[in-house]
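If you want the building blocks of each chain, they are given just below.
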Amino acid sequence: MRLVRDTRSTTNAGRPLGHGRRTLEEIMTLTRLLVALALVAGLAVAAEAAVTVRTAPAEPLGGGTAHCAVTNGGTANGTATLSLFSFSDNGPIATDAGIVVGPNRTVTGSAVSTSATDPSWCECSIPNKNDFRCSFIVVNGENVTVVPAR
Amino acid sequence: MKSFATLNVQTLALVVAVVLASATFASAAVTLRTFPFPGSELFSGSVACAVRNGGTGTPDGISVKVNVFDSDGTVLASDQLFMQANDADLGTAVDLRTVSPAMCECTMPNDTLFTCSLIYTNGPIHAVVPSQ
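Residues numbered from 1 in each chain as written. Chains lettered and ligands numbered in written order. Predicted model: local features only at pLDDT ≥ 70, side-chain atom pairs only at ≥ 80, totals over all residues.

What about the overall build of chain B?
Where we set the bar: Helix numbers and strand numbers start at the N terminus; a helix is a DSSP run of H or I with at least 4 residues, a strand a run of E with at least 2. Our contact criterion uses C-beta atoms placed from the backbone: two residues qualify when those atoms are within 7 Å.
Secondary structure summary: chain B contains one helix and nine strands in total. When the helices and strands of chain B are listed from N to C terminus, the series reads α-β-β-β-β-β-β-β-β-β. Expressed as a percentage of contacts within chain B between residues at least 6 apart in sequence, the contacts between residues at least 24 apart total 71%.

Have a look at this one:
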């Protein structure tokens, strides 16, 4: 590692005044700044990483339909995957993968009957939580239930 | 002549200051959006965006902008509301017989004292979709 050369003043012996101490301070300052930059950069990258959000469970009454939905409030297209889960199955009862959602657009996933299945909650893989929102939705006539995914 | 390392320290300090200043500026106003609402599956009733200010106000009110979007990204209604202290206001309601609202977008001073929701009203039916 190349250390700093101090050319401002020297002692009679030709050695820089306070050379070791000032260099150490500068290295420590540099290290602190680099750590701060790395943290800021890391946070920015984390904010852009894809995330999976899930809704709280619901138990809708029979006679309606249920589905997941995703909204993109950002300015660029994003890709989402919606999975609808039930009480009675370990796997999803409906999956919509690779949905491209444009800016300010909302896309609904496959609907299932609340009478034939037991839909309960949604899992949504979205580009980020800043611009994208996901819901579990039940519609029964004019009655609506919307459960947000966090 | 300044040493290379000293210049780097100053440059990095400037970069950090700019990044932090940008972050502070970006947090000055926030945009909240509600979770998806199935307006395309409903054929009666109305939807409006609502805003709450849980803090203090100003003589002229604090400006908040709200938009209702449909699922295609079209703005169905847009309002600028002026919020007083401990106030709640409604934006323009849209009719589900003619349009299909999907979300509200609200731009407000902060998300600590202010929040926003999409409200669906249909006779005795009332649903509230929160924002994040």
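A closer look at the overall build of chain A
This is how it is decided: Buried, partly exposed and exposed are defined by the number of other C-beta atoms within 10 Å of a residue's own C-beta, namely 20 or more, between the two limits, and 12 or fewer respectively, with C-beta atoms placed from the backbone.
From N to C terminus, chain A includes one helix and nine strands. Reading chain A from its N terminus to its C terminus gives the helix and strand order α-β-β-β-β-β-β-β-β-β. Taken over 150 residues, chain A has a buried fraction of 27%. For chain A, contacts bridging at least 24 residues in sequence account for 70% of all contacts bridging at least 6.

Comments concerning the environment of Ala28 of chain B
By secondary structure assignment, the location of Ala28 of chain B is in the loop between helix H1 (4-26) and strand E1 (30-33). Along the sequence, Ala28 of chain B and Asn110 of chain B sit 82 residues apart, while their C-alpha atoms lie 6.9 Å from each other.

Considering the sheet that holds strand E7 (residues 101-108) of chain B
Residues and elements named next belong to chain B. Put simply, the test is: We treat two strands as partners when DSSP finds at least two bridges between them. Between the N-to-C directions of two axes lies an angle of 0 to 180 degrees, each axis being a line fitted to C-alpha atoms and, for a helix, fitted only over the stretch in contact.
In space, the four strands of this open sheet follow the order E1-E7-E3-E4, with antiparallel pairing throughout. Every other strand in the sheet has two partners, leaving E1 and strand E4 (75-83) as the edge strands with one partner each. On average, each strand axis in the sheet is inclined to that of its neighbour by 20 degrees, with strand direction left out of account. In this structure, strand E3 (residues 62-70) lies alongside E4, joined through eight bridges in antiparallel fashion. Directly across from Val68, in E4, lies its bridge partner Ala77.

Describing the sheet that holds strand E7 (residues 119-126) of chain A
Residue and element names in this part refer to chain A. The sheet built from four strands is open, its strands ordered E1-E7-E3-E4 with antiparallel pairing. Single-partner strands in this sheet number two, and they are strand E1 (51-54) and strand E4 (94-101). Between one strand axis and the next, the sheet turns by 20 degrees as a mean value, whatever way the strands run.

Focus: the confidence of the model for chain B
For the record, the criterion: A score from 0 to 100, pLDDT tells how confident the predictor is in each residue.
When pLDDT is averaged across chain B, the result is 87; 80% of the residues are at 70 or more. In the model output, the complex is listed with pTM 0.73 alongside ipTM 0.72.

Some details on the pairing of E7 of chain B
Residues and elements named next belong to chain B. Within E7, seven of the eight residues are buried, which leaves it mostly tucked inside the rest of the structure. Pairing of E1 with E7 involves four bridges; the strand directions are antiparallel. Bridge pairing in E7 links Leu32 to Cys106. Both E3 and E7 contribute to a ladder of six bridges, which runs antiparallel. Each bridged residue has a counterpart across the sheet, and for Val66 the counterpart in E7 is Cys106.

Considerations on the nonpolar core
Rules: Note on terminology: a nonpolar core is a set of buried residues of type Ala, Val, Leu, Ile, Met, Phe, Trp, Tyr or Cys, with members joined through C-beta atoms within 7 Å.
Ranked by size, the top nonpolar core spans 49 residues in total, and within it Cys49 and Val51 of chain B carry the most contacts. Of the residues forming this core, the biggest block, six residues, is contributed by strand E8 (residues 132-140) of chain A.

Topic: the environment of Ser100 of chain B
Within the secondary structure layout, Ser100 of chain B lies in the loop between strand E6 (94-95) and E7. Judged by the 20 C-beta atoms lying within 10 Å of it, Ser100 of chain B falls in the buried class.

Considerations on unusual backbone geometry
Even without being a glycine, Asn104 of chain A presents a positive backbone phi close to 60 degrees. Considering the arrangement of structural elements, one finds Asn104 of chain A in the loop between E4 and strand E5 (105-108).

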